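What follows is each chain in one-letter form.
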Amino acid sequence: MFTLSYETNVGIGVLIIVLLYVGYRVLMYKLREREIKALQQRDEPSLVDANVQAKSFARQQAEKEAAEEAARVEEARLIAEARAQAEHDRLAALEQARIEEEARLEEIREAARLDAERVAAAEEAARLEAERLAAAEAEREEAERLAALEAARLEEERLAAEEAARAEAARAAFDAAVRVEAERIAAINIARMEAERLAAEEAARQEAQRLADEQAAQLEAQRLAAEQATQAQAKRIADEQAAQLEAIRLADEQAAQLEAKRIADEQAAQLEAQRQADEQAAQLEAKRIADEQAAQLEARRLADEHAAQVEAERIAALEAAQREAERIAAEEAAQREAERLAAEEAARIEAERLAAEAAARMEEQRRADAEAARLQAEQEAERVAAEQAARLEAERLAAEQAARAEAERVAAEQAARAEAERLAAEQAARAEAERVAAEQAARAEAERLAAEQAARAEAERVAAEQAARAEAERVAAEQAARIEAERVAAEQAARLEAERVAAEQAARVEAERLAAEQAARAEAERLAAEEAARLAAAASVPAAPPAEASPVKRVHQPKVATDTVVMIADDSKVVRVKTNRLLINNQFQVAMAEDGLDAMKQIAERMPDVLITDVEMPGMNGFDLTRHVRQNPLTAHIPVIMISAEESYQVKAAEAGVDVLLGKPYSDAVMLDHIQRFMREGRA
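Cut-offs used in this document
Residues numbered from 1 in each chain as written. Predicted model: local features only at pLDDT ≥ 70, side-chain atom pairs only at ≥ 80, totals over all residues. Heavy atoms only, no water. Helix = DSSP H or I, 4+ residues; strand = E, 2+ residues; numbered from the N terminus. Expected span 1.5 Å × (residues − 1). Buried < 20%, exposed > 50% of the residue type's maximum accessible area, 1.4 Å probe, protein only. Arc of directions from axis to C-beta. Contact = heavy atoms within 4.5 Å. Patch = residues over 30% accessible without salt bridge, like charges linked within 9 Å, V, L, I, M, F, W, Y side chains within 5 Å. Areas by Shrake-Rupley, 256 points an atom, 1.4 Å probe, with all protein chains shown as cover. Salt bridge = Lys/Arg side-chain N within 4 Å of Asp/Glu carboxyl O. Axes fitted to C-alpha atoms, helices over the stretch in contact; angles between N-to-C directions. Parallel < 35°, antiparallel > 145°, perpendicular 65-115°, else oblique. Left-handed = near helix turned anticlockwise from the far one by under 90°. Nonpolar A, V, L, I, M, F, W, Y, C, P; charged D, E, K, R; others polar. UniProt positions renumbered as here; feature names shortened; annotations may be inferred. Lys, Arg positive; Asp, Glu negative; His and termini not counted. Charge placed at Lys NZ, Arg CZ, Asp CG, Glu CD. Phe/Tyr/Trp six-rings, centres within 6.5 Å; stacked < 30°, edge-to-face > 60°. Lys NZ or Arg CZ within 6 Å of the ring centre and 35° of its normal. Pairing = 2+ DSSP bridges. Right-handed = clockwise from strand over helix to strand, strands pointing away.

The chain carries the name Response regulator in an unreviewed UniProt entry, which gives Massilia atriviolacea as its organism.

See the structure below:
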């Protein structure tokens, strides 16, 4: 805001007083000139003495008037100084208010800058959070893709196995339809074998005793039979028929295996093509979903950037409007101040011009007065001197009184004008102060509304972020639940598939065991036939109690990895998964048990070729599991590999029947070497 110094204000006041004084003197001279002209017109002759007296009286009167005028000028100067001081104080107060307003505006600009920095920091944090969510989403999609591929592979394997099983069932049905008559003869043996298998599944530990009882009963029946030779002949014929049927069955099985292999190859090729198509479709779908998510993230980012840009533009517009209003106000104030100064300068110039003209007129009047006085002094007579002096004195007094009244009126008018100007200035200042206060209040209200709006926007943004985070967490939880459900379903499908394969393997093993038992029984019957005479001779001797059955000695047949079932008994899921991955990668069939009791239950359903067990497990530990395996004649041949970090378990493991004790940590290659050795050589 434009301001004037104290000295300038005092100078302006003094100039005004001088101009008033000059105007007053000009007025007095004009009145005196009119009086002199009137006297000259009325009385041409004059006296020198009267003129001298008049001049002396006029000089005294002028000195008195000058003293009075000097007093009035001094009083006016003091008043002007007081007014200038008041004006200076008012301008100083306005300047202080302007400085405080600029400081407050600076604080507002600083707060706006800090708010912009905070918004930028929030945008950066939102961008980093979006990038992190995108990375997590990409990882989740990759995990889903791998899980989908794994599930598809397991589904293909299951479908292939089901197809093979259906082919096997169809082949078996066809063979059964062809050999119905032949199998009717062997139905009794099949029923007995099925009964023995069911009995072995229900009571595996009593199988040896049951077999011993059957053999003793058969020997007793053969000893008591009177027609042993006939029965032996019939049995020989039945054996020959069974051998022929077995040869026919083997030939049919080989032909069916070749046909099934061809069909399986064709189905595998079809499944492989379908899998590749599914993988391509899954990849395209995953790519589409990724593109959609990327587009959504990009749209959200652009929306956030647009909102931030709009907010920044709004703040910048507010600041620009505020700066523009301040600039316009400053320009208006400067313009008003310039106009006021210009008006004062024009008034000063006009006053100087008028003063110069008045001085010139006064000089001319003085010369004219001097000439007129000289002429009047020569012509004026002493007769009229006294009258003229009295009249002049009366007129002068009247003129002085009129001039004083006029001067007082002019002074009163000027004082009233000055008072009116002061009041107008005060009113303008008050109006300006009220306007500034209103602007400040409006600005404060706008700032409050802006702050509330910013706080509301911030709250909405935080709420939106929280909602987005909650939505992301919900989606992540749903995805995790879906992945977990898919994993559980895959594990369940794998477990069902493993159980089915185990059931098939158990059926195959059971069939082999029954065939071996049948052959052993035929051999026993043959030996019984040869000893019939001795038994008949010893019929009168009491029969000795049957001896405890010993485990059936098995002849080990080397197996390949795809036909080898390895059971993992461990309460640690990490160990089970790690070992399962190792064995699956080496083409082994795997069964997993959580403890010893679960392992015994699965062994009764599907007999493994190799057992890998931990030591410490809930319910039944590794030593008890190994003892139960060794005590059962049907499972005593299974090699057992025990894993433990304690070297002191060597003796206890050997006593329980453990074949290999591996210390932790162990090498995968060592584990695979032991399993392959058991596949080649069996249990020593």
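Engineer: What's the story with helix H9 (residues 573-585) in this structure? I'm lost.
Structural biologist: Structural remark: α-helix, 3.6 residues per turn; residues separated by three or four positions point the same way. Relative to the 18 Å expected for 13 residues at 1.5 Å per residue, H9 spans 18 Å between its end C-alpha atoms, a close match to the ideal helical length. Every buried residue belonging to H9 is among Arg576, Thr579, Leu582 and Leu583, and all of these are buried. Across the axial projection of H9, the buried residues extend over an arc of 135°, all falling on one side. Looking at H9, the residues exposed on the side facing more than 90 degrees away from the buried face are Val574 and Asn585. The inward-facing, buried residues of H9 abut strand E1 (565-569), strand E2 (589-593) and helix H13 (668-681). Among the residues trailing H9, Gln587 stands out with phi positive, at a value near 70°.

Engineer: Honestly, a nonpolar patch on the surface in this entry has me stumped. Any pointers?
Structural biologist: Together, Ile16, Leu20 and Val410 line one region of the surface with nonpolar side chains, adding up to about 210 Å² of accessible area. Considering the arrangement of structural elements, one finds Ile16 in helix H1 (residues 6-42).

Engineer: Quick question: what am I supposed to make of unusual backbone geometry here?
Structural biologist: Of all residues except glycine, most have a negative phi; of all peptide bonds, most are trans. Lys664 connects to Pro665 through a cis peptide bond whose omega is -5°. Residue position: Pro665 is located in the loop between strand E5 (660-663) and H13. Backbone geometry at Gln587 places phi at a positive 70°, although glycine is not the residue there. On the secondary structure map, Gln587 appears in the loop between H9 and E2.

Engineer: How should the pattern of salt bridges be read in this particular structure?
Structural biologist: Side chains carrying opposite charge are able to pair once their charged atoms draw close together. Tallying each qualifying case throughout the model produces 66 salt bridges. Two residues, Arg98 and Glu102, come together in a salt bridge whose shortest N-O distance is 2.4 Å. A residue pair is termed a helical-turn pair when its members lie 3 or 4 positions apart in one helix, as Arg98 and Glu102 do in helix H2 (residues 48-178) at four residues. Here the salt bridges share partners, and the residues they tie into one network are Asp115, Arg118, Glu458, Arg461 and Glu465.

Engineer: Where do I start with the packing of helix H10 (residues 596-605) against helix H11 (residues 622-631) in this structure?
Structural biologist: Axes are the key here: two packed helices are described by the angle between their axes and the distance separating the axes. Running from N to C, H10 and H11 point in directions that differ by 25°, and their axes come no closer than 9 Å. If you check the angle between H10 and H11, you find them roughly parallel. In this structure, H10 crosses over H11, and the sense of that crossing is right-handed. Note on element contacts: H11 touches H10 through Leu625, His628 and Val629, opposite Gly596, Ala599, Met600 and Ile603. Of the residues belonging to the contact of H10 with H11, the class tally is five nonpolar, two polar and no charged.

Engineer: Explain the UniProt feature "modified residue: 4-aspartylphosphate" (unreviewed entry) in the chain here, please?
Structural biologist: In the numbering adopted here, UniProt assigns the feature "modified residue: 4-aspartylphosphate" (unreviewed entry) to Asp614. Tracing the chain through its elements places Asp614 in strand E3 (residues 610-614). Aside from chain neighbours lying at most four places away, what touches Asp614 is Ala569, Asp570, Asp571, Gly622, Ile643 and Lys664.

Engineer: Can you help me understand the side chain of Thr626 in this one?
Structural biologist: By the secondary structure assignment, Thr626 is in helix H11. Residue Thr626 is classed as buried on the basis of its relative accessible area, which comes to 0%. Ignoring anything within four residues of it in the chain, the contact list for Thr626 reads Thr613, Val640, Met642, Ala656, Gly657 and Val658.

Engineer: Where do I start with a negative patch on the surface in this structure?
Structural biologist: Negative charge collects at one region of the surface, where Asp571, Glu616, Glu646 and Glu647 lie side by side. If you trace the backbone, Glu616 turns up in the loop between E3 and H11.

Engineer: Mind showing me how you'd approach the packing of aromatic side chains here?
Structural biologist: Within the structure shown, the criterion is met by one aromatic pair. Across from the ring centre of Tyr29, 5.7 Å away, lies the NZ or CZ of Arg32, which sits over that ring. In this structure, Arg677 packs its charged tip against the face of Phe678, placed 4.5 Å from the ring centre.

Engineer: Even after reading the chapter, I still don't get H11, so can you show me in this structure?
Structural biologist: Within H11, burial applies to Gly622, Phe623, Leu625, Thr626, Val629 and Arg630. Seen end-on, H11 carries its buried residues on one side only, within an arc spanning 160°. Buried residues in H11 make contact with E1, H10, E3, strand E4 (640-644) and helix H12 (650-656).

Engineer: What is the right way to read the pairing of E3 from this model?
Structural biologist: Put simply, side chains in a regular strand alternate between the two faces of the sheet. Counting buried positions along E3 yields five of five residues, so the element is predominantly enclosed. Side chains Val610, Ile612 and Asp614 of E3 all project onto a buried face; the interleaved residues Leu611 and Thr613 project onto the opposite face, where all are buried too. Two strands pair when backbone bridges link them, and E1 and E3 are joined in this way by four bridges, in the parallel orientation. Looking at the pairing, Ala569 lines up with Thr613 of E3. Of the strand pairs in this sheet, E3 and E4 are connected by four bridges, and their pairing is parallel. Across the sheet, residue Ile612 finds its bridge partner in E4, namely Ile641. The parallel pair E3 and E4 is bridged by H11, and the resulting crossover is right-handed.

Engineer: Would you take a moment to explain the sheet that holds E3 for this structure?
Structural biologist: Two modes of strand pairing occur in sheets, parallel and antiparallel, and in both the strands are linked by backbone hydrogen bonds. Strand order in the open sheet formed by five strands is E2-E1-E3-E4-E5, and the pairing between neighbours is parallel. The outermost strands of the open sheet, each flanked by one partner alone, are E2 and E5. Sheet twist, expressed as the mean angle between neighbouring strand axes with direction ignored, is 20°. Its contacts with the sheet put H9 on E1 and E2, and the angle it makes with E2 is roughly 170°. Where H13 meets the sheet, it contacts E1, E3, E4 and E5, and its direction lies at approximately 170° from that of E5.

Engineer: Would you explain the packing of H9 against H13 in this entry?
Structural biologist: Taken N-terminus to C-terminus, the directions of H9 and H13 make an angle of 60°; their axes are 11 Å apart at the nearest point. Of the possible angle classes, the one that applies to H9 and H13 is oblique. Relative to H13, the crossing made by H9 is right-handed. Residues Lys578, Leu582 and Leu583 of H9 form the contact with H13, whose own contacting residues are Asp668, Leu672 and Ile675. Of the residues that constitute the contact of H9 with H13, the class distribution is four nonpolar, no polar and two charged.

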